[in-house]
Amino acid sequence: MRRLILLGYGMLFTLGLAAQQELPGNRNIYDAKDLGIIYNHELTFNVALATPRNFFFGVRSGKLITYDKTRYWTLTFGDIRHSRERRENPDRVNVVSNRVSRAYVFGKQNQLYALRLGFGKKRFLSEKARERGVAIGYSYEFGPSLGLLKPYYLEIERNDAAPIDVRYTGDNLDVFINNQTNIFGASAWTVGLDEIGFRPGAHVKFATHFGFGAYDETAKSLEAGVMADYFFGNTDIMVESDLTPGVSNSPLFLSLFLNFQIGKRW
């Protein structure tokens, strides 16, 4: 009987080692289901393009729960544009300041940027990762956002003088929009930095995830998805007037995005 008990403990110990073995670098082998190598942590840097002509970049840190599930947090920063933005390039020269004009967006009154803190999960649905192919899955996240609203300034020309910086105030429509021939171009981006306002908000993302070599030490992936941002308070980006037809400001911003990720697992 004693030999049978010892034999049983020996078999359980052997199966435990076969099911999970610790490798250098905190990597584990899960042989019970032939799942290959899985890492415990993942850190990636992200660069994304979104509609309409938006971008954001950031960092994502993940904890691998199982070979196909990852829980992560991410911090990103990027701009948000209105779908009706139209870029103008007057290509003019002011003889007084001896400067060439900058391109500007007609009817734009504010620039909006978003700092997003997200918490989410990623899950693989395919098993191509075993063969170091493309693992397909999905990811989703949600969390708080902080909107940064910066006034948009234009340079307005004057007779025999250098252009002056003007922002839209609501009562200067004639200067800012109606008389477009006096618009020299966009002011320098630094103009208005001391007038930035903050808008609290929230965001959600859902994406299809493509992992390239999901068991490699180098993390490489591509996400294609949809994102929604909502901010509290005034976030008007464009001027609503007869000269900007179809413009309607909303605190809700929807966009499609492509997110490129590269980093490391350990």
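Here, every reference points to the structure presented above.
Residues numbered from 1 in each chain as written. Predicted model: local features only at pLDDT ≥ 70, side-chain atom pairs only at ≥ 80, totals over all residues. Heavy atoms only, no water.

Caption draft 1: Just the packing of aromatic side chains, in detail. Applying the stated criterion across every chain, the model contains eight aromatic pairs. Relative to Phe206, the ring of Tyr138 has its centre 6.2 Å away and its plane inclined at 20 degrees; by these criteria the two rings are stacked. Linking Tyr138 in strand 12 (residues 134-151) with Phe206 in strand 16 (residues 197-212), this pair joins segments that are 68 residues apart in sequence. Residue classification places Tyr138 among the partly exposed positions, given a relative accessible area of 25%. Among the residues examined, Phe206 registers a relative accessible area of 45% and is labelled partly exposed. Here the aromatic rings of Tyr168 and Phe176 are separated by 5.7 Å at their centres, their planes lie at 50 degrees, and the arrangement is tilted. This pair shows no difference in class: Tyr168 is buried, exactly as Phe176 is. What links up through ring pairs into an aromatic cluster is the set Phe55, Phe57, Phe77 and Tyr113. (Phe/Tyr/Trp six-rings, centres within 6.5 Å; stacked < 30°, edge-to-face > 60°. Helix = DSSP H or I, 4+ residues; strand = E, 2+ residues; numbered from the N terminus. Buried < 20%, exposed > 50% of the residue type's maximum accessible area, 1.4 Å probe, protein only.)

Caption draft 2: Local environment of the pairing of strand 6 (residues 69-80). Taken together, the 10 bridges between strand 5 (residues 54-66) and strand 6 define a ladder with antiparallel strand orientation. Directly across from Leu64, in strand 6, lies its bridge partner Thr70. Counting the residues between successive antiparallel strands, the hairpin from strand 5 to strand 6 contains two residues. The pairing of strand 6 with strand 11 (residues 110-124) spans 12 bridges and is classified as antiparallel. Counted as the bridge partner of Trp73 is Phe119 from strand 11. (Pairing = 2+ DSSP bridges.)

Caption draft 3: Representation of empty space enclosed by the protein in the model. Going through the model one piece at a time under the given rule, you end up with three cavities of 30 Å³ or more. Volume-wise, the second largest cavity comes out at about 80 Å³. Lining the second largest cavity are 14 residues, and of these Arg60, Glu141, Lys205, Glu223 and Asn259 sit closest to its centre. For the lining of the second largest cavity, the secondary-structure elements that each account for two or more residues are strand 5, strand 6, strand 12, strand 16 and strand 18 (252-265). Residue composition of the lining of the second largest cavity, grouped by class: five nonpolar, five polar and four charged. (1 Å grid on protein atoms, 1.4 Å probe; cavity = no way out; pocket = protein on both sides within 12 Å on 5 of 7 lines; lining within 4 Å. Points joined across faces, edges and corners; volume = space filled by probe spheres on them. Nonpolar A, V, L, I, M, F, W, Y, C, P; charged D, E, K, R; others polar.)

Caption draft 4: Highlighting the environment of Gln261. Here Gln261 shows up in strand 18. With 38 residues separating them in the primary sequence, Gln261 and Glu223 have C-alpha atoms 8.1 Å apart. With residues up to four places along the chain from it excluded, the contact list for Gln261 reads Thr44, Phe45, Asn46, Arg60, His209, Ala219, Lys220, Ser221 and Glu223. Here Ser221 takes part through its side chain, which lies 2.4 Å from a polar atom of the side chain of Gln261. (Contact = heavy atoms within 4.5 Å. Polar contact = N/O pair within 3.5 Å; in protein donor to acceptor, adjacent residues only side chain to side chain.)

Caption draft 5: Broad picture of the side chain of Ser145. Summarising the element assignment, Ser145 is placed in strand 12. There is a polar contact of 3.0 Å between the side chain of Ser145 and the side chain of His203. Not counting the four nearest positions on each side in its chain, Ser145 is found in contact with Leu115, Arg116, Arg199, Pro200, Gly201, Ala202, His203, Asp229 and Phe231.

Caption draft 6: Quick peek at the pattern of salt bridges. Taken as a whole and judged by the stated rule, the model has 16 salt bridges. Ionic pairing is found between Glu42 and Arg265, a salt bridge with its closest N-O pair at 2.8 Å. Note that Glu42 is positioned in strand 4 (residues 41-50) and Arg265 in strand 18, a separation of 223 residues in sequence. Bridged by salt links that share partners, the residues Arg60, Glu141, Lys205 and Glu223 form one connected network. (Salt bridge = Lys/Arg side-chain N within 4 Å of Asp/Glu carboxyl O.)

Caption draft 7: Broad picture of a nonpolar patch on the surface. A cluster of nonpolar side chains, Trp73, Leu75, Leu115, Leu117, Phe119, Leu146 and Phe198, forms an exposed patch at the surface whose accessible area comes to about 610 Å². Breaking the nonpolar patch down by element, the ones donating at least two residues are strand 6 and strand 11. Take the nonpolar patch: its biggest share by element is three residues, from strand 11. Take Leu117: it is sitting in strand 11. Relative accessible area serves as the criterion here: at 31%, Leu117 is assigned to the partly exposed category. (Patch = residues over 30% accessible without salt bridge, like charges linked within 9 Å, V, L, I, M, F, W, Y side chains within 5 Å. Areas by Shrake-Rupley, 256 points an atom, 1.4 Å probe, with all protein chains shown as cover.)

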